[in-house]
Structure formats: structure tokens, C-alpha cells
Amino acid sequence: MSQHIISMKDFSRDEIDIILNMAREFEPIARGSKSSLLSGKILATLFYEPSTRTRLSFETAMKRLGGDVIDLGSVESSSVAKGETLADTIRVIGNYANAIVLRHPREGAARMAAEYSKVPIINAGDGAGHHPTQTLLDLYTIARESNLSDMRIALVGDLKYGRTVHSLAYALSLYHADITLISPKQLQMPDIIKKDLKKQGANIRETSNIEEVIGEIDVLYVTRIQKERFPDTAEYQKVAGIYRVTEELLENARDNLIIMHPMPRVDEIDPSVDRTKYARYFQQSFYGVPVRMTLLAMAMGAV
Amino acid sequence: MKKDSVEKKPAGSWKKEMLVRPIRQGTVIDHIRGGQALNVLKILGIYGTTEAVVSVAMNVPSKVLGSKDIVKVEGRELEQKEVDRISLIAPDATINIIRDFEVIEKYRVELPERIDGVVKCNNPNCISNTHEPVISKFTVNKKPVDLRCVYCDHVISEGIADHLI
């Protein structure tokens, strides 16, 4: 396994299984047990785009393992505003930290950063590209709350611009999941990604209707339609609010259904669903901590 | 090295060859897909102001390709980098090296596994399209020919010639 964590395509199923098993061991620490595993180590967080959950869960993971965090701060107040290239920033910060978590608006930024970095780069999202740590925590949530093998999952919402669903669908294809893609026509998963998934042996079908599949699936993975990814706001308005998961919709759900969401949500899951036995999205955001602990410990050579 | 004498060819192909005159010294690029000759010239850096002696035949009937283009360049043998570029837009092309009117070497172009610094990524949001110190890199899929950006995963499958740097 490479020291960098850039894309799910760099992981085999065996490597994913190792990470998920290890995350289980980190769970008590994520809940507050003391650890000094990464004592004396420093993590640098470079977020060129806004982030709440990803940044805070990385910080939490690092601090709960006894390490420290340094943060680039806002791009406007850093050397980036003076015109410094990412390649230079990475080489400078690499002198201070043991690993770098990077979120950047450009696709491929993390891959390029890895070419310049002497410390491990962990990709926390590169534009509409990859977000592997989100995918790993999604897989961990499914493993903990449902079952990763032979499961039926529906991915709902923005399947065109949503980076989390591309990475997740790719990883699920390694587990031979039965994947249903639910989106309006304008937001369908790009053909090239579907082609890649089929090449992996994924079983895929497409529909625009949640009701059609709600009674057949084990996992309903809902995504936000991301306004910021639309080149045109008129296009966004046409599809905003098109899917809404409600208690009424869930009347036909299987008993063991779990509902996931990478968060933040807007209106795609009705708040009344939070009280149902199906909701797992808050649990899912907690699982980000043990999974990121595992990745940090691996990147820094502590496990 | 495969020797292939021009004189040994049957009469029919002589007629095709004579569409453009034989060259003494240089390179004949044959079996270029019809319509790609001007892109091959672009790859070779041959524009309107060139002083090189160049002959071009376009849309010559071909049993294998339907129609093909031929480019003959006097006094020049190609570098591997140029051949790699040609292979992207004309994967069936053959390169004939000519000395004293004789074909002294003939080979088919071969697509490389990876191609660096040759094609610009078609994703405007790719990190390789910024002021960062990064050279474009693509992995090459051979059948059908398409290029996948190492950085952003975007695929160029049509109009590769339009993306040549």
C-alpha cells in the first residue's frame, strides 16, 4: 500500500478489509479512551475549500491519538493569496509535519501534491474527483450497521458531480454489490464511470424513481444536490429538492434498511426520518473518526 | 530491421505511390487514417512557412483503412517522441525510412503505455491545466484508443489531435 492516500482505485479489497478491521480496534479511542500512539507527531491540514466534518474529524482523530495539528488557515490569509503554488506549499509544510491532509478545488491536486511531498498526502477531496477517506468511512458504516457482502444499495441524488458516490460505487464493485443509481436525467452518473464500474464486474441498474426500489434494498445512500458544482444556477433550480426521503416513503422499506448521507443535508432527508430505526447518518459521521485514526496511524507508520 | 525494396512492388501500388514523387532521403509515413495527414504535419512541426520538402497525399483508397493519407518528408528521420505522438492519431501508420530511394527500415507505430507532456487534459479543472509545475500525463488504452489523465481520471476518446500540445 502506498504511503499516500489519493484514490480508492489505489486500494485492493484486501487492503480495504485491513483498514476496516483496524478501525474497529480504534473505536474505543474514538469514543474517548486515552491513547498516545501518535504522541510527538504533527498533522498539517490544508483546506483550500470549506470543510466542517472532514477537517474536524481529522483533527479529532489526531488529537485523540495524542498527536498535534497545525492548520493552513483560510486561503485568503495564507501564502496562497500571495500566489504560491500548491507544489511549493506542500514542500514547505512537509518540513513541519509528519503528514498532510489536503482538500483542493482542482481535480488531481492530491496526486500532484504526492509527487512533490516527502510526507504522506491524504486526499480529503480534490474538486469533483476523489474523496477516499469518505468512501472508507462509508464502507465502515455499512460493515458495522449492515453487511458489506452481497448487499443491495441505492445511491440517490447527484450522481454526476458527487465525488463521494463515484468513489463509493467503485469500492462497492469490489464487494460485488448490487447497485441501483437513482437520479434525474441531468444528474446521472457519467458514462465513463459506469463503464469503469462494469469493467470491475459491478451489477448496476438505473432509475429515476426511489419508490420503485425502496422495498428491495439494504442501504439507501442519499446525497445532497451540490449547488456549488453546477456551472449554471438555472440548471440547479430544475433539480433542487427533487428527492425527499420521508417517513411515508419508508413505509415500504425492508426492516433492515439503513439510510446513509455524507452530510451536510439540505432537504433531501426529512428531519422526521432521524427518529426512525433506519437513520444512520449521524452514526456514519462518528465512524469518520476511527477510520481516519487508522489512516493517520498507517500513514505515520505507527501501526 | 525489415528491408523492403520499392522496385519489388506490383504495378498497381506503383500507381498509388506515384501520386507523390519518390524521395531520396527521409521518411514516408503511410497508412495514416484518412483525414489525419494535416495533424501529422502539425506533430512534425511542419507549418506553412516550412522550408522542408514535404509531399502529402490525402484520401488515397486503401483496402485496410478505406481511405488513407500519406506524408513524405525529405531529409528527415523521426524521433521516437514524434512517432509516439503520431501513434495517438494514426495507430495504423507505418514509418518507412528512405535512404538513396530504398526503404531501409519499415515499422508500424506502436502506442506507448504512457504519454507525458504531449496532450493537454480536456478537463479545465484538472490540476495539470494550472500554473502548477506539472506535466500532463496520460495512460493509453489501445483498443479503442483513449487517454486517461493520471491526475484527474478524465478520458479523451475523440479528437485527440485537438488536444496535442
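Predicted, not measured: the structure shown is a model, and the values here were computed from it.

Residues and elements named next belong to chain A. Checked against the element boundaries, serine 33 lands in the loop between helix H1 (13-30) and strand S1 (42-47). The class for serine 33 is partly exposed, based on a relative accessible area of 38%. Between the alpha carbons of serine 33 and proline 105 there is a distance of 35 Å; along the sequence they are 72 residues apart.

Residues and elements named next belong to chain B. Taken domain by domain, chain B holds domain 1 (6-108) and domain 2 (114-163). Here the C-alpha centroids of domain 1 and domain 2 sit 26 Å apart. Contacts between domain 1 and domain 2 engage 9 residues on the former and 8 residues on the latter. Carbon and sulfur atoms make up 74% of the surface buried where domain 1 meets domain 2, a total of about 640 Å² over both sides. Contact with domain 2 buries area across many residues of domain 1, yet Arg85, Leu88 and Ile89 alone supply 65% of it, more than any other trio. Applying the counting rule to domain 1 against domain 2 returns 0 salt bridges. Linking domain 1 with domain 2 are 1 residue pair in polar contact (both at pLDDT 80 or more). When contributions to the side of domain 1 that touches domain 2 are tallied by element, the ones reaching two or more residues are helix H2 (37-43) and helix H3 (80-89).

Before going further, it helps to examine the environment of B:Val145. All names here are of chain B. Following the sequence through the fold, valine 145 ends up in the loop between strand S7 (137-141) and strand S8 (146-149). For valine 145, a relative accessible area of 16% puts it in the buried group. On a C-alpha basis, the gap between valine 145 and lysine 72 in space is 25 Å, while along the polypeptide they are 73 residues apart. Excluding its chain neighbours within four sequence positions, the residues that come into contact with valine 145 are Leu88, Pro91, Leu111, Ser157 and Ile160.

This next bit is on the pattern of salt bridges. Any two side chains of opposite charge can pair, so long as their charged atoms come close to each other. Taken as a whole and judged by the stated rule, the model has 30 salt bridges over all chains. Residues A:Arg152 and A:Asp218 are paired through a salt bridge, measuring 3.7 Å at the closest nitrogen-oxygen approach. Residue A:Arg152 is located in strand S5 (residues 152-156), and its partner A:Asp218 is located in the loop between strand S7 (203-207) and strand S8 (219-222); the two are separated by 66 residues in the primary sequence. Classification of A:Asp218 by relative accessible area gives buried; the value is 8%. With a closest N to O distance of 2.9 Å, B:Glu77 and B:Arg99 form a salt bridge. In this pair, B:Glu77 sits in the loop between strand S3 (66-74) and H3 while B:Arg99 sits in strand S4 (residues 94-99), placing the two residues 22 residues apart along the sequence. In this structure B:Glu77 comes out as partly exposed when scored by relative accessible area, which is 36%. Each of A:Lys9, A:Asp196, B:Arg148 and B:Asp153 takes part in one network of salt bridges that share partners.

Residues and elements named next belong to chain A. Each assigned domain of chain A is listed with its residue range as follows: domain 1 (8-130 + 288-299) and domain 2 (132-285). Each side of the interface is counted separately: domain 1 has 31 residues, and domain 2 has 27 residues. Both faces considered, domain 1 and domain 2 share a buried interface measuring about 2400 Å² in area, 59% of it formed by carbon and sulfur atoms. The interface formed by domain 1 and domain 2 holds 2 salt bridges in total.

Cut-offs applied
- Residues numbered from 1 in each chain as written.
- Chains lettered and ligands numbered in written order.
- Predicted model: local features only at pLDDT ≥ 70, side-chain atom pairs only at ≥ 80, totals over all residues.
- Heavy atoms only, no water.
- Helix = DSSP H or I, 4+ residues; strand = E, 2+ residues; numbered from the N terminus.
- Buried < 20%, exposed > 50% of the residue type's maximum accessible area, 1.4 Å probe, protein only.
- Domains from an automatic or database assignment.
- Contact = heavy atoms within 4.5 Å.
- Buried area = accessible area lost by both parts, 1.4 Å probe.
- Salt bridge = Lys/Arg side-chain N within 4 Å of Asp/Glu carboxyl O.
- Polar contact = N/O pair within 3.5 Å; in protein donor to acceptor, adjacent residues only side chain to side chain.

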